[in-house]
Number of protein chains: 4
Amino acid sequence: MASGTLNKIMLIGHTGDDVKMTYFEGGGCIGRFPLATNEEYINKSTNEKVSNTEWHNIVVRNKAAEVCEKYLKKGDKVYIEGRIKTRKWQDDKGMDRYTTDVQCTEFTFLTPKDSVNTPTANSTEPQKTQASKAQNPPIEEDNDDLPF
Amino acid sequence: MASGTLNKIMLIGHTGDDVKMTYFEGGGCIGRFPLATNEEYINKSTNEKVSNTEWHNIVVRNKAAEVCEKYLKKGDKVYIEGRIKTRKWQDDKGMDRYTTDVQCTEFTFLTPKDSVNTPTANSTEPQKTQASKAQNPPIEEDNDDLPF
Amino acid sequence: MASGTLNKIMLIGHTGDDVKMTYFEGGGCIGRFPLATNEEYINKSTNEKVSNTEWHNIVVRNKAAEVCEKYLKKGDKVYIEGRIKTRKWQDDKGMDRYTTDVQCTEFTFLTPKDSVNTPTANSTEPQKTQASKAQNPPIEEDNDDLPF
Amino acid sequence: MASGTLNKIMLIGHTGDDVKMTYFEGGGCIGRFPLATNEEYINKSTNEKVSNTEWHNIVVRNKAAEVCEKYLKKGDKVYIEGRIKTRKWQDDKGMDRYTTDVQCTEFTFLTPKDSVNTPTANSTEPQKTQASKAQNPPIEEDNDDLPF
DNA sequence: TTTT
DNA sequence: TTTT
């Protein structure tokens, strides 16, 4: 019997651009956007402050992608949960190249919106990014009628 | 508009007992079991080693509960992901009491099984604990046919 | 040889009160504050929207407690990482009671401050809550001079 | 004032090789090893089972690297916590290339060892990977003498 | 009540 | 290159 593995990444950062959508035949789509996380620390040897920005390639799918495209703007703060996936591609010289993406499985917007009511306005827990559930609240809760 | 919150707990520990099931009218069920996590450290003042065991009340629902009941045995190591929920109850004197549970949303067995093939045998990623998905692999992957 | 366990909780929520400090002989201190996380979902049986607020008892120690007391105000949004600890106490009738705390190990403020420069202003990664490091940036980075 | 970001990855997987050490002048060192996580799911379009293995480049520092080198063997299961860092390098044609590493901040061994007593034998919580603390238990606990 |  |  298989025993399990875990591949989970949790990010809080600011988007570096709007969501770029790609639509596929059959109705699927993905959205991509860069997310920046920062760290600052003192280099103990030189006593200098060091600032690093790490850029993450976020990939969201289907309904979740559409929600992100609609409500997530460049510079917004967002919580992203997902898994790491490194994909191989060929550059223009036919060389193998690798890029590491974050395949988003949950997200929640952290930038306060004072705008009108939105689909996400009613959700205060991270949204699952399943095909047909992206705009819905967590689904563990709503699929039964247990008395607790 | 609401901006989001997060309530996530991630545990690796050993079960202190088998899963106790409760079945409800309408077909729902929950399973409960205790999970132990440990910490050891040196008390710097006394230079003594201190061992602490923390017991967590794990609650699993529906199909996931049935999978756990079937394959998770007392003493097994397991990864549990979920959210914290504190519930109020009355003791036999009518006093309000509170108990904090971990409502399990994902799990993966970490004790190697050399037994016969099981429903979980084919899943090496944490299992989502939704009503109808408990025995299936992560559902983000299988609900589209995107070319990546 | 021991194999490990994990006891980790990650929360994003709003503080329900200012930080209450307790000082101990010897110079130690702790801060306590309540943190609210929310979930909303549709009850599929009744089709009603359900809103739940979960309150977490956050416990921070020493320097980290002092930073929180100084900069974290009621209503602020904050990321808290820690471990679960359930403690036993006696009520006024001598009955055993249990309360579950979140012992904070890292935190990062999520409410934008437009105020003057603060100790936390220079840290954009979660702060470790060790006794002597609370106001410092992550310490993994600054304790060596490795060329990367 | 800066508000915070989070860059956290949590993995459970199997090592694909022993730890490769690099030592630096001044006494620092790093260890590197590959970690595999797996996912399996049913492609709903083709009804075929799909198996994917994801390889992560784990980087551990200093004392933690030495502990891993000593006790972590090819094929072992391990929990790794860290942050994502993508670094740039030049290939032999001078082209910019990028590789994404997991800078390990905590780890705990999940493969039971029946061997002799080890430095890690007394720790059942994830080990922090700071320069001088790698072999020690979590340090939040041992740096004060608070009465709880 | 687990595990090492 | 792991594991089931």
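Residues numbered from 1 in each chain as written. Chains lettered and ligands numbered in written order. Predicted model: local features only at pLDDT ≥ 70, side-chain atom pairs only at ≥ 80, totals over all residues. Heavy atoms only, no water.

**Quick look at the overall build of chain A**
Defined as follows: What counts as a helix is a DSSP run of H or I of at least four residues, what counts as a strand is a run of E of at least two, and both are numbered from the N terminus. Exposure categories follow from relative accessible area, calculated using a 1.4 Å probe and restricted to protein chains: below 20% of the type maximum is buried, above 50% is exposed, and the middle band is partly exposed. Only heavy atoms enter the contact rule, under which two residues are in contact if any of them lie within 4.5 Å. With residues, only the protein chains shown are counted as cover, and all accessible areas are computed by Shrake-Rupley using a 1.4 Å probe.
Looking only at helices and strands, one finds one helix and seven strands in chain A. Beginning at the N terminus, the succession of helices and strands in chain A can be written as β-β-β-β-α-β-β-β. When the 148 residues of chain A are sorted by exposure, 57% land in the buried category. Summarising the internal contacts of chain A: among those between residues at least 6 apart in sequence, 53% fall at separations of at least 24. As displayed, chain A offers around 6,200 Å² of accessible surface, 47% of which is attributable to carbon and sulfur atoms.

**Topic: unusual backbone geometry**
If a residue is not glycine, its phi is most likely negative; likewise, a peptide bond is most likely trans. Although it is not a glycine, Asn47(A) adopts a positive phi angle of roughly 65 degrees. Here Asn47(A) lies in the loop between strand S3 (29-43) and strand S4 (48-61). Of note in this structure, Asn62(B) is not a glycine but carries a positive phi near 50 degrees. Within the secondary structure, Asn62(B) sits in helix H1 (residues 62-71). The exposure class assigned to Asn62(B) is buried, which follows from its relative accessible area of 9%.

**A few points about the environment of Met10(D)**
Tracing the backbone through its elements, the reader meets Met10(D) in strand S1 (residues 6-15). In this structure the C-alpha to C-alpha distance between Met10(D) and Glu69(D), which are 59 residues apart in sequence, comes to 20 Å. In this view, Met10(D) contacts Leu6(A), Asn7(A), Lys8(A), Met10(A), Met10(B), Leu6(C), Lys8(C), Met10(C), Tyr79(D), Ile80(D) and Glu81(D); residues no more than four positions away in its chain are not counted.

**Quick notes on the pairing of strand S6 (residues 96-109) of chain A**
Within a regular beta strand, the side chains point alternately toward one face of the sheet and then the other, so they alternate between its two faces. All names here are of chain A. To keep it simple, the criterion reads: Strands are labelled as partners when DSSP assigns at least two bridges between them.
With respect to burial, S6 is a largely interior element, twelve of its 14 residues being buried. Where S4 and S6 come together, three bridges link them in parallel fashion. Within the sheet, the bridge partner assigned to Val-59 lies in S6 and is Gln-103. Sheet topology note: the strand S5 (residues 77-90)/S6 ladder contains 13 bridges and is antiparallel. What sits directly across from Gln-90, in S6, is Asp-96. Between S5 and S6, which pair antiparallel one after the other, the connecting turn spans five residues, and Gly-94 there sits at a positive phi close to 80 degrees.

**Describing the environment of Thr5(C)**
For the record, the criterion: A 3.5 Å cut-off defines polar contacts: any pair of N or O atoms within that distance qualifies, except that in protein one atom must be a possible hydrogen donor and the other a possible acceptor, and neighbouring residues in sequence count only when both atoms are side-chain atoms.
Assignment of secondary structure puts Thr5(C) in the segment before strand S1 (6-15). Residue classification places Thr5(C) among the buried positions, given a relative accessible area of 0%. Taking the C-alpha atoms as reference points, Thr5(C) and Asp96(C), separated by 91 residues in sequence, lie 28 Å from one another. For Thr5(C), the side chain forms a polar contact with the main-chain oxygen of Asn38(B), separated by 3.1 Å.

**Observations regarding the confidence of the model for chain A**
All names here are of chain A. This is how it is decided: A score from 0 to 100, pLDDT tells how confident the predictor is in each residue.
Averaged over every residue, the pLDDT of chain A is 82; the share at 70 or more is 78%. A low-confidence stretch, residues 116-123 (pLDDT under 50), is modelled with 17 contacts involving residues beyond four sequence positions or located in other chains. This stretch, residues 131-145, has a pLDDT under 50; its non-local contacts, to residues over four places away or in other chains, come to 50 contacts.

**A word on the side chain of Lys77(D)**
Along the chain, Lys77(D) falls in strand S5 (residues 77-90). Within the structure, the side chain of Lys77(D) is placed 2.9 Å from the backbone oxygen of Gly4(A), a separation counted as a polar contact.

**A look at the pairing of strand S2 (residues 20-23) of chain B**
Residue and element names in this part refer to chain B. Looking at chain direction, S2 and strand S3 (residues 29-43) are connected through four bridges and run antiparallel. Residue Thr-22 lies in a different strand from S3, and its bridge partner there is Ile-30. Hairpin geometry of S2 and S3 is characterised by an intervening segment of five residues between the two adjacent antiparallel strands and by a positive phi of about 95 degrees at Gly-26.

**Looking at the pattern of salt bridges**
Our working definition: Throughout this description, the term salt bridge denotes a Lys or Arg side-chain nitrogen within 4 Å of a carboxyl oxygen of Asp or Glu.
This model, assessed by the stated rule, comprises 44 salt bridges over all chains. A salt bridge links Glu39(A) to Lys85(D); its shortest N-O distance comes to 3.0 Å. In this pair, Glu39(A) sits in strand S3 while Lys85(D) sits in strand S5, so the two residues belong to two different chains. For Glu40(A), the salt bridge is made with Lys49(A), and the minimal N-O distance between the two is 3.7 Å. You can call Lys49(A) partly exposed: its relative accessible area is 48%.

**What about the side chain of Asp101(B)?**
Residues and elements named next belong to chain B. Within the secondary structure, Asp-101 sits in strand S6 (residues 96-109). Among the residues examined, Asp-101 registers a relative accessible area of 1% and is labelled buried. Among the polar contacts made by the side chain of Asp-101, one reaches the side chain of Arg-87 at a distance of 2.5 Å. Asp-101 has contacts with Arg-32, Asn-57, Val-59, Arg-83, Ile-84, Lys-85 and Arg-87, leaving out every residue within four places of it along the chain.

**A short note on the state of the cysteines**
Put simply, the rule is: Put simply, a disulfide is two cysteine sulfurs that come within 2.5 Å.
In this structure the tally under the stated criterion is zero disulfides over all chains. Unpaired in this structure, Cys29(C) has its nearest cysteine sulfur neighbour in Cys68(C), at a distance of 11 Å.

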